[in-house]
Amino acid sequence: MVKLEKIIVIHDLRRQGLSISAIARKSGLDRKTVRKHLNKGLKPARYGPRKSRPRLLASYEVYLQQRITTCPGLSGRHLHREIRKLGYDGGYTAVTDFLRRIRPDLPHPFERRFETAPGKQAQVDFAEFTVSFTDHPEVRRKVWLFCLILGNSRWLWGRFCVNQKLETVLRCHVLAFEACGGATGEVLYDRMKTAVLGEQEDGTVIYNPSLVALLRHYGSASRACRPYSARTKA
């Protein structure tokens, strides 16, 4: 049987104006075979219908529907953990795709500006940018902007960085504290990976010990936003 790739070559050579004998020599086939496939032409491949696979999430959709109806604000991550305990061994994306279809639209309440007393709190976060430098304008590079914002005055200090490594984060904290003349009572983090390492079963946040030690040196303390609630700053 002649492979599809070789049949395509036969027709391509014919379009270039080669004779059947020349095509036979180039393709390594005899003239009868070449003539047969030229006469038959190229036929599109036929594929049968795919066999449907059982959906792993199907058995848990009623449970998810009930939980979302009762508590519309539950996150996909939280519900994924719940059904895993019930025996679900599928992926997280299947859960979020299903929740996106069934989750009711939540009203967007008016957001009050979060206020703190002077010197009480600052917020630290990174913003991502894609830039080009003048020495190599054709190369697109990714950089991060380290930002420290005072909660009361909204005074902002920023520094562009080439990475988000721990030593970079610690150095930026020191420079920011020097620029504003001291440290606030606490520094709030939006679950930044360098600051927040994880969370225990009881909800206790695990902070990076090196960052905790640095903040303690300045008389400050670390604090994390609630998951998925960065705007509340609580």
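To be clear, the structure that these remarks concern was listed above.
If you're wondering where the values come from, they're calculated on a predicted model, not measured in any experiment.

Undergrad: What should I look at first to understand the overall build of the protein in this one?
TA: Helix and strand counts for the protein stand at eight helices and seven strands. By the burial criterion, 33% of the 234 residues in the protein qualify as buried. Restricting to contacts in the protein with at least 6 residues of sequence separation, those with at least 24 account for 50%. Element-wise, carbon and sulfur atoms account for 53% of the exposed surface of the protein, whose accessible area totals about 16400 Å².

Undergrad: Explain a positive patch on the surface here, please?
TA: A contiguous patch of positive charge, built from Arg14, Arg31, Lys32 and Arg35, is present on the exposed surface. Per element, the largest residue contribution to the positive patch is three residues, and it comes from helix 3 (residues 31-40). If you trace the backbone, Arg35 turns up in helix 3. Residue class for Arg35 comes out partly exposed when judged on its relative accessible area of 40%.

Undergrad: Just to check I follow, could you spell out the pairing of strand 4 (residues 186-189) for this structure?
TA: Remember that side chains alternate between the two faces of the sheet whenever the strand is regular. Judged by which residues are buried, strand 4 turns out to be covered on both faces: Glu186 and Leu188 on one side and Val187 and Tyr189 on the other are all buried. Relative to strand 4, strand 1 (residues 121-133) runs parallel, the two being bridged by four bridges. For Val124, the partnering residue across the bridge sits in strand 4 and is Tyr189. Bridge analysis of strand 4 against strand 7 (residues 221-224) gives four bridges, and the strand direction is parallel. Counted as the bridge partner of Leu188 is Arg223 from strand 7.

Undergrad: How do you make sense of the pattern of salt bridges when you look at a structure like this?
TA: Tallying each qualifying case throughout the model produces five salt bridges. Across the salt bridge formed by Arg15 and Asp12, the nearest N and O atoms sit 3.6 Å from each other. On the criterion of helical spacing, the pair formed by Arg15 and Asp12 is a turn pair, its members being three residues apart in helix 1 (residues 4-15). A salt bridge links Arg67 to Glu82; the shortest N-O distance between them is 2.7 Å. Of this pair, Arg67 sits in helix 4 (residues 61-70) while Glu82 sits in helix 5 (residues 76-85); the two residues are 15 residues apart in sequence, bridging distant segments of the chain. By relative accessible area, Arg67 is classed as partly exposed at 21%.

Undergrad: When you look at helix 8 (residues 209-217) in this model, what are you seeing that I'm missing?
TA: An α-helix turns once every 3.6 residues. As a result, residues three or four positions apart point the same way. Within helix 8, the full set of buried residues consists of Leu211, Leu214 and Leu215. Mapping the buried residues of helix 8 onto a view down its axis gives an arc of 95 degrees, with all of them on the same face. Exposed side chains of helix 8 directed beyond 90 degrees from the buried face belong to Pro209, Arg216 and His217. Residues of helix 8 that are buried make contact with helix 7 (166-180), strand 4 and strand 7. Where helix 8 starts, the residue carrying a side-chain oxygen 3.0 Å from the main-chain nitrogen of Ser210 turns out to be Asn208. In the stretch just after helix 8, Gly219 is the one whose phi turns positive, near 75 degrees.

Undergrad: Mind showing me how you'd approach the packing of aromatic side chains here?
TA: Aromatic ring pairs: the centre-centre distance and the angle between the two ring planes describe each pair. Under the criterion given, the structure shown has five aromatic pairs. Taking 5.6 Å as the distance between ring centres and 75 degrees as the angle between the ring planes, the aromatic pair formed by Phe126 and Phe146 counts as edge-to-face. Linking Phe126 in strand 1 with Phe146 in strand 2 (residues 136-150), this pair joins segments that are 20 residues apart in sequence. A cation over a ring is seen here: Arg77 above Tyr92, with NZ or CZ 3.8 Å from the ring centre.

Conventions adopted
- Per chain, the residues get numbers from 1 upward, laid out in the order the sequence is written.
- Local features in this predicted model are restricted to residues of pLDDT 70 or higher, and side-chain atom pairs are both shown and tallied only at a pLDDT of 80 or more, whereas totals for entire chains, interfaces and linings draw on every residue.
- Excluding hydrogens and water, the side-chain values take into account all heavy atoms of the structure.
- Helix and strand assignments follow DSSP, with helices taken as H or I runs no shorter than four residues and strands as E runs no shorter than two, numbered in order from the N terminus.
- Summary of the burial criterion: residues with accessible area below 20% of their type's maximum are buried, those above 50% are exposed, and those between are partly exposed, where the area comes from a 1.4 Å probe applied to protein chains only.
- When checking whether two residues touch, look at their non-hydrogen atoms; a contact exists if any pair is within 4.5 Å.
- Each accessible area is a Shrake-Rupley result for a 1.4 Å probe, and residues are judged covered by the shown protein chains and nothing else.
- For patch building, the residue pool is restricted to those with more than 30% relative accessible area and no salt bridge; the joining distance is 9 Å between like charges and 5 Å between nonpolar side chains (Val, Leu, Ile, Met, Phe, Trp, Tyr).
- Whenever Lys or Arg places a side-chain nitrogen within 4 Å of a carboxyl oxygen from Asp or Glu, that contact is recorded as a salt bridge.
- Charged-residue counts in this description rest on Lys and Arg as positive and Asp and Glu as negative, His and the chain ends being excluded.
- In plain terms, the charge of a residue is placed at NZ if it is Lys, CZ if Arg, CG if Asp and CD if Glu.
- Here the rule is simple: two strands pair whenever DSSP picks up at least two bridges between them.
- Of all possible arcs, the one meant is that of the directions from the helix axis to the C-beta atoms.
- In protein, a polar contact means a hydrogen-donor-capable atom and an acceptor-capable atom, both N or O and within 3.5 Å, with residues adjacent in sequence counting only if both atoms are side-chain atoms; elsewhere, any N or O pair within 3.5 Å suffices.
- Stacked, tilted and edge-to-face are the three classes assigned to paired rings of Phe, Tyr and Trp, where Trp is represented by its six-membered ring and a pair needs centres within 6.5 Å; plane angles under 30 degrees give stacked, over 60 edge-to-face, the rest tilted.
- Our definition puts a charge over a ring when NZ of Lys or CZ of Arg is within 6 Å of the ring centre and also within 35 degrees of the ring normal.

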